[in-house]
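Single-letter residue listing:
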Amino acid sequence: MGHRYIGSKSKIIDIITGKISKLVPKNSTVCDLMTGTGTVAIELANQGFNVIANDLMTYSYHHAITGLKFDAEPTFSLAGTLFQTEQLTVSNTPYQAVIDYLNESPVEKGYFWREFSVEGEPNHTEKPRNYFTPENAMKIDGIRKRIEYLLANHFINNQEYSLLLHSLIMAANDVANIAGTYGHYMSKTVKRAEAPITLECEDIIIRSNSSAHIVKQGYAEQVSSEITCDLCYIDPPYMKRQYAANYHILETLARGDEPEAIGVSGLRPWRDQYSNFCTKTKIRDSFRKIIGSINCNKFLISYSEDGLLSVKDFKELLEPLGELTIETFEHKRFKSNNSKLNNTLAEYLILLRT
Ligand SMILES: C[S@@+](CC[C@H](N)C(=O)[O-])C[C@H]1O[C@@H](n2cnc3c(N)ncnc32)[C@H](O)[C@@H]1O
């Protein structure tokens, strides 16, 4: 299944990168300030741009590291002693051997089983949650334990750690019993969720210029003062739905922690990743802060017809800051499986030259 992410630009990637290519020459530095799945940053790097990718979320960090920072096939060179002590055979690549080792992790009745499967007894609520089958939840617990063991014992480096967590997140997405986001689980287990979770080797893009790409994690409002680029692409949340709440389980996989899971949905405490772009009264200040502090004079903003700000709001906000052009095109809407919303909506590309 891959990524299912609200606002992912995978279906309109050609429009976005085509527009950016017309605005700045190849070899320029382009910042993807809210990179999400990393789709735009990775395609820009494929096309010869130097990329700075940033997001608030830890899972985005791991996706961007995986997509941008490998300059050779992962060798897992530190894992030599692991291969010996665990008597692993490297029949294919070291990467495949580590993925096989993770897929063979002993199942465990751990945090995911307790909090996110119907067999568990969650700490803070009576009713067990049905995000994963008990078998998959136990497997996830086992895999998480092995990944943390590999890191703690220096069998993998930080980049390989990101790669393995990226693979775990992608595999968990395939078998999660959800309609679209992790905001809720489905009461009845869908067929897709019954398949056993399996990690797979990624087709890693090997980049000879990987050092030209930078991956950051932080609030755009804060990191922007550290960034110099020729064009800044900004793809903020459009609606009130906070990503930290809607993808809390992916964040927990990415952080490798065991936070208190609260309420019916089992949310981790997420206020430390609260986004101002999901609150109408705070968006304008955040845009002003970013545009005022980043060392850049071309901004391309993606936004949508059903977003919190209207075209009129954007004109009022951005016209005082520079020369503004707004293009509109039709885009297929992100919908959860049971949503009754229309299929298409207008998507905006807002260009500001300061
Ligand atoms: C519409 S999505 C981006 C989708 C991305 N272009 C893609 O194709 O996957 C918006 C992203 O903004 C991030 N975000 C929200 N507020 C942020 C902030 N203040 N600073 C940095 N990232 C933020 C969210 O975590 C989310 O990943």
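Residues numbered from 1 in each chain as written. Predicted model: local features only at pLDDT ≥ 70, side-chain atom pairs only at ≥ 80, totals over all residues. Heavy atoms only, no water.

## So, the nonpolar core
1) Next: Ranked by internal contacts, the top residues of the largest apolar core, which has 57 residues, are Y59, F112, F132, L150, L164 and Y182.
2) Next: Elements that contribute at least two residues to this core include exactly α4 (80-85), α5 (94-103), α6 (111-116), α7 (134-152), α8 (158-175), α11 (243-246) and α12 (248-255).
3) Next: It is α8 that provides the largest number of residues to this core, a total of nine residues.
4) Next: Residues from two domains meet in this core; each of domain 1 (1-70 + 205-237 + 275-354) and domain 2 (74-203) gives at least three.
5) Next: Not counting chain neighbours up to four residues away, the residues in contact with L164 comprise F76, V98, I99, L102, I147, L150 and I156.
6) Next: Residues A220, I291, F314 and I350 belong to the second largest nonpolar core, which totals 31 residues. (Core = buried A, V, L, I, M, F, W, Y, C linked by side-chain atoms within 4.5 Å. Buried < 20%, exposed > 50% of the residue type's maximum accessible area, 1.4 Å probe, protein only. Helix = DSSP H or I, 4+ residues; strand = E, 2+ residues; numbered from the N terminus. Domains from an automatic or database assignment. Contact = heavy atoms within 4.5 Å.)

## Here we look at α8
1) Next: Taking 1.5 Å as the rise per residue, α8 with 18 residues should run 26 Å; its terminal C-alpha atoms sit 26 Å apart, in good agreement.
2) Next: α8 sits mainly inside the fold: 15 of its 18 residues count as buried.
3) Next: With a side-chain oxygen lying 3.1 Å from the backbone nitrogen of Q159, the N-terminal cap of α8 falls on N157. (Expected span 1.5 Å × (residues − 1). Polar contact = N/O pair within 3.5 Å; in protein donor to acceptor, adjacent residues only side chain to side chain.)

## Topic: the pattern of salt bridges
1) Next: Tallied over the entire structure, the rule returns 13 salt bridges.
2) Next: A salt bridge links K9 to D235; its shortest N-O distance comes to 3.1 Å. One end of the pair, K9, is in the segment before α1 (13-23); the other, D235, is in the loop between β4 (231-234) and α11, with 226 residues separating them in the sequence.
3) Next: The exposure class assigned to D235 is buried, which follows from its relative accessible area of 13%.
4) Next: Its salt-bridge partner being E226, residue K216 comes within 2.7 Å of it at the nearest N-O pair. One end of the pair, K216, is in strand β3 (residues 214-217); the other, E226, is in the loop between α10 (220-223) and β4, and 10 residues separate them in sequence. (Salt bridge = Lys/Arg side-chain N within 4 Å of Asp/Glu carboxyl O.)

## So, the site of the ligand
1) Next: The local shell around the ligand holds 24 residues, among which Y5, T37, D55, D235 and S275 are the closest.
2) Next: Measuring from an oxygen atom of the ligand, one finds a side-chain N or O atom of T37 at 2.6 Å.
3) Next: Taking 600 Å² as the accessible area of the ligand by itself, protein coverage stands at 99%.
4) Next: Among the residues forming the shell around the ligand, the class breakdown is 11 nonpolar, nine polar and four charged. (Near = heavy atom within 4 Å. Areas by Shrake-Rupley, 256 points an atom, 1.4 Å probe, with all protein chains shown as cover. Nonpolar A, V, L, I, M, F, W, Y, C, P; charged D, E, K, R; others polar.)

## A short note on the environment of Q273
1) Next: Tracing the backbone through its elements, the reader meets Q273 in the loop between α12 and α13 (280-293).
2) Next: The class for Q273 is buried, based on a relative accessible area of 5%.
3) Next: As for Q273 and Y101, which are separated by 172 residues in sequence, their C-alpha atoms are 33 Å apart.
4) Next: Apart from the residues within four sequence positions on either side, Q273 is in contact with L56, M57, T58, Q217, Y219, Q242, A244, E251 and R255.

## Quick word on the packing of aromatic side chains
1) Next: The final tally for this structure, using the stated rule, is 19 aromatic pairs.
2) Next: Look at F112 and F116: their rings are 5.1 Å apart centre to centre, the planes differ by 70°, and that puts the pair in the edge-to-face class. Of this pair, F112 and F116 both sit in helix α6, four residues apart, roughly one helical turn.
3) Next: On the accessibility criterion, F116 (1% relative accessible area) is buried.
4) Next: With centroids separated by 5.8 Å and ring planes inclined at 70°, the aromatic side chains of F287 and F314 adopt a geometry described as edge-to-face. Of this pair, F287 sits in helix α13 while F314 sits in helix α14 (residues 311-318), placing them 27 residues apart in sequence. (Phe/Tyr/Trp six-rings, centres within 6.5 Å; stacked < 30°, edge-to-face > 60°.)

## As for the pairing of β4
Across a regular strand the side chains alternate sides, sitting on one face of the sheet and then on the other.
1) Next: Judged by which residues are buried, β4 turns out to be covered on both faces: L231 and Y233 on one side and C232 and I234 on the other are all buried.
2) Next: As defined by bridge partners, strand β1 (residues 29-32) adjoins β4 across three bridges and the pair is classed as parallel. By the bridge assignment, D32 is partnered in β4 with Y233.
3) Next: The sheet contact formed by β4 and strand β5 (residues 298-304) spans three bridges and is parallel. Of the residues in β5, the one forming a bridge with Y233 is L300. (Pairing = 2+ DSSP bridges.)

## Describing α13
1) Next: Of the positions making up α13, those classed as buried are I283, S286, F287, I290 and I291. On an axial view of α13, the arc spanned by its buried residues comes to 120°, and they lie on one face. Those residues of α13 that are exposed and angled more than 90 degrees off the buried face are T281 and G292.
2) Next: Each element contacted by the buried residues of α13 is listed here: α10, β4, β5, α14 and β7 (344-353). (Arc of directions from axis to C-beta.)

## Let's talk about the domain arrangement of the protein
1) Next: Domains assigned within the protein are domain 1 (1-70 + 205-237 + 275-354) and domain 2 (74-203).
2) Next: With centres defined by C-alpha atoms, the gap from domain 1 to domain 2 works out at 30 Å.
3) Next: In this assembly, 18 residues from domain 1 lie in contact with 15 residues from domain 2.
4) Next: Taking both sides of the interface into account, the surface hidden between domain 1 and domain 2 amounts to around 1500 Å²; carbon and sulfur atoms contribute 63%.
5) Next: At the surface where domain 1 touches domain 2, the tally comes to zero salt bridges.
6) Next: The class makeup of the residues in the side of domain 1 that touches domain 2 is eight nonpolar, eight polar and two charged. (Buried area = accessible area lost by both parts, 1.4 Å probe.)

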